[in-house]
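Remarks on the overall topology
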Amino acid sequence: MKGVVVKSTGSWYLVRDAEGKLHRARLRGKFKLKGMKVSNPLAVGDRVEFDVETTGEDTAVIHKIEDRENYIIRQSTHKTAFSHIIAANLDQALLIVTLVSPRTSFGFIDRFLVTAEAYDIPTILVFNKTDLYDEEMRDYQRQISHMYQQIGYKSITVSAKSNEGLDEMNELLHDKTTLLSGHSGVGKSTLINIIVPDLELKTSEISDFSDKGVHTTTFAEMFEVDDNTYIIDTPGIKELGIVDIPKNQLGHFFPEMRERLNQCRFNNCTHFNEPGCAVVEAVRHNEISLTRYESYLSMLMGDDNRK
Ligand SMILES: Nc1nc2c(ncn2[C@@H]2O[C@H](COP(=O)(O)OP(=O)(O)OP(=O)(O)O)[C@@H](O)[C@H]2O)c(=O)[nH]1
Ligand SMILES: [Mg+2]
Ligand SMILES: [Zn+2]
């Protein structure tokens, strides 16, 4: 039978078959993936073939994983040589961002966008918890959204508390498989609980002490919103390590730099201190945002590779 992995704990999996029936499954024997150093061979969204057995607790055995159309990956926090596949076969990602409770940094947003560019996953910024914003913060948020919109990223504002923007968010999901990502505590599971009634996913208040989330969701899981519309809840990401991008190609994953690449004097320009660099020139003239350029430099230097 064919199916899609909707949950992966590392030791067992939940697979949805073509009729929508869920099977608890395990991976057959010694299953090795060719050439990839990943901590999880199978991720949410993977399309698999499996056999159903009549005995045992795990009733299905997965014997084949189909090639992935795309996937999103991050460096594992513990085993640095390994990467962790967050999810596969995605149509888009919504990056849930909050300016307060907790605060999401530009560095984190830009790292996520670079990763998503590298793996070809269109990303929309979703500013949540707007009910907590005062006028000044609204203004600030508009400026940030404007900055990202100018370089091609759609951005919306929502509140799981006041319901602002939730219709617009729902429309974005239609007929797609969407990954929700972001720091712990930004409201990913809370938003999914509103979008898919009766799920009752666990959520927790953020810590008063650190103003950060407490990592409530522990495994990625895909839920059906509608026929053909799926949403994936994920554990909050603390630090996002960028995987496998050579320095002289990093600029390809910043759309505003990519469009200027052939205006630099050297075609292997890293947009750092080379003469005749069109990117540095654009930053000087405020045509490229300084915060984006700072994010670029910090990734280029690899000095805070895990923020
Ligand atoms: N004021 C306000 N609180 C919100 C909003 N959305 C979520 N929250 C609260 O934020 C806290 C964290 O929400 P969760 O849904 O658990 O966050 P999460 O992103 O799933 O976190 P992890 O599972 O740890 O990654 C909860 O107390 C929610 O009630 C919002 O729009 N406004
Ligand atoms: Mg959660
Ligand atoms: Zn350059």
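Residues numbered from 1 in each chain as written. Chains lettered and ligands numbered in written order. Predicted model: local features only at pLDDT ≥ 70, side-chain atom pairs only at ≥ 80, totals over all residues. Heavy atoms only, no water.

Here we take up the site of ligand 1. Looking at ligand 1, there are 23 residues lining it, with Asp131, Ala160, Ser184, Thr190 and Thr217 nearest. Here an oxygen atom of ligand 1 and a backbone polar atom of Ala160 are 2.8 Å apart. At 3.5 Å, a backbone N or O of Lys161 approaches an oxygen atom of ligand 1. In isolation ligand 1 exposes 670 Å². Once the protein is present, 90% of that is buried. Of the residues that constitute the shell around ligand 1, the class distribution is four nonpolar, 14 polar and five charged. (Near = heavy atom within 4 Å. Polar contact = N/O pair within 3.5 Å; in protein donor to acceptor, adjacent residues only side chain to side chain. Areas by Shrake-Rupley, 256 points an atom, 1.4 Å probe, with all protein chains shown as cover. Nonpolar A, V, L, I, M, F, W, Y, C, P; charged D, E, K, R; others polar.)

Another aspect to go through is the pairing of strand β5 (residues 60-65). Here strand β3 (residues 22-27) runs beside β5; their pairing, made up of three bridges, is parallel. Within β5, the position partnered with Ala25 by the bridge is Ala60. In this sheet, β5 lies alongside strand β4 (residues 47-52) in antiparallel orientation, the contact comprising five bridges. When the bridges of β5 are listed, Phe50 appears paired with Ile62. (Pairing = 2+ DSSP bridges. Helix = DSSP H or I, 4+ residues; strand = E, 2+ residues; numbered from the N terminus.)

Let us look at unusual backbone geometry. With omega at -5 degrees, the peptide bond leading from Ser101 into Pro102 counts as cis. Secondary-structure assignment places Pro102 in the loop between β8 (92-97) and α1 (106-118).

The subject of this paragraph is the nonpolar core. One finds Ile72, Phe112, Leu125, Tyr148, Leu179 and Ile232 to be the most contacted residues of the largest nonpolar core, which totals 40 residues. Elements with a minimum of two residues in this core: β1 (2-8), β6 (71-75), β7 (83-88), β8, α1, β9 (123-127), α2 (135-150) and β13 (229-233). Domain assignment of the residues forming this core places at least three in each of domain 1 (2-65) and domain 2 (71-233). In contact with Ile232, not counting residues within four places along its chain, are Val44, Ala87, Leu90, Thr177, Thr178, Leu179, Leu180, Ile192, Ala220, Glu221 and Met222. (Core = buried A, V, L, I, M, F, W, Y, C linked by side-chain atoms within 4.5 Å. Buried < 20%, exposed > 50% of the residue type's maximum accessible area, 1.4 Å probe, protein only. Domains from an automatic or database assignment. Contact = heavy atoms within 4.5 Å.)

What follows concerns the coordination of the zinc ion (ligand 3). Surrounding the zinc ion (ligand 3) are the protein donor atoms Cys264 (SG), Cys269 (SG), His271 (ND1) and Cys277 (SG), at 2.1 to 2.4 Å. Here the zinc ion (ligand 3) binds four donor atoms, and the angle range of 104 to 117 degrees at the metal identifies the geometry as tetrahedral. Taken in sequence order, the residues that donate to the zinc ion (ligand 3) follow the motif C-x4-C-x1-H-x5-C. Here Cys264 matches His271 in class, with each residue buried. (Donors = N, O, S within 2.8 Å, 3.2 Å for Na, K, Ca; no water. Tetrahedral: all angles 85-135°; square planar, octahedral: opposite > 155°, others 65-115°.)

Another point: the environment of Asn248. Its location among the elements puts Asn248 in the loop between β13 and α5 (255-258). Under the relative-accessibility criterion, Asn248 is labelled partly exposed at 41%. Separated by 21 residues in sequence, Asn248 and Cys269 place their C-alpha atoms 6.7 Å apart.

The subject of this paragraph is the coordination of the magnesium ion (ligand 2). In the first shell of the magnesium ion (ligand 2), the protein supplies Ser189 (OG) and Thr217 (OG1), at 2.0 to 2.1 Å from the metal. In this pair, Ser189 sits in helix α4 (residues 188-195) while Thr217 sits in the loop between α4 and β12 (221-226), placing the two residues 28 residues apart along the sequence. When sorted by exposure, Ser189 lands in the same class as Thr217, which is buried.

Checked against the element boundaries, Thr9 lands in the loop between β1 and β2 (13-17). Relative accessible area serves as the criterion here: at 17%, Thr9 is assigned to the buried category. Among the polar contacts listed, one links the side chain of Thr9 to the backbone nitrogen of Ser11, at a separation of 3.3 Å.

Here the focus is helix α3 (residues 166-173). Along α3, the residues classified as buried are Leu166, Met169, Leu172 and Leu173. Looking down the long axis of α3, one finds its buried residues gathered within 115 degrees of arc, a one-sided arrangement. Facing away from the buried side of α3 by over 90 degrees, the exposed positions are Asp167 and Glu171. In this fold, the buried residues of α3 make contact with β8, β9, β10 (155-157), β11 (177-181), α4 and β13. Where α3 terminates, the next one or two residues include Asp175, which has phi positive at roughly 65 degrees. (Arc of directions from axis to C-beta.)

The next thing to look at is the packing of α1 against α2. Packing of α1 against α2 leaves a shortest axis separation of 13 Å and a crossing angle of 25 degrees. Judged on the interaxial angle alone, α2 and α1 are roughly parallel. In the crossing of α1 with α2, the sense of the turn from one axis to the other is right-handed. Counted together, Phe106, Ile109, Asp110 and Leu113 of α1 and Tyr140, Ile144, Met147 and Tyr148 of α2 form the full contact between these two elements. Across the contact of α1 with α2, the residue classes break down as seven nonpolar, no polar and one charged. (Axes fitted to C-alpha atoms, helices over the stretch in contact; angles between N-to-C directions. Parallel < 35°, antiparallel > 145°, perpendicular 65-115°, else oblique. Left-handed = near helix turned anticlockwise from the far one by under 90°.)

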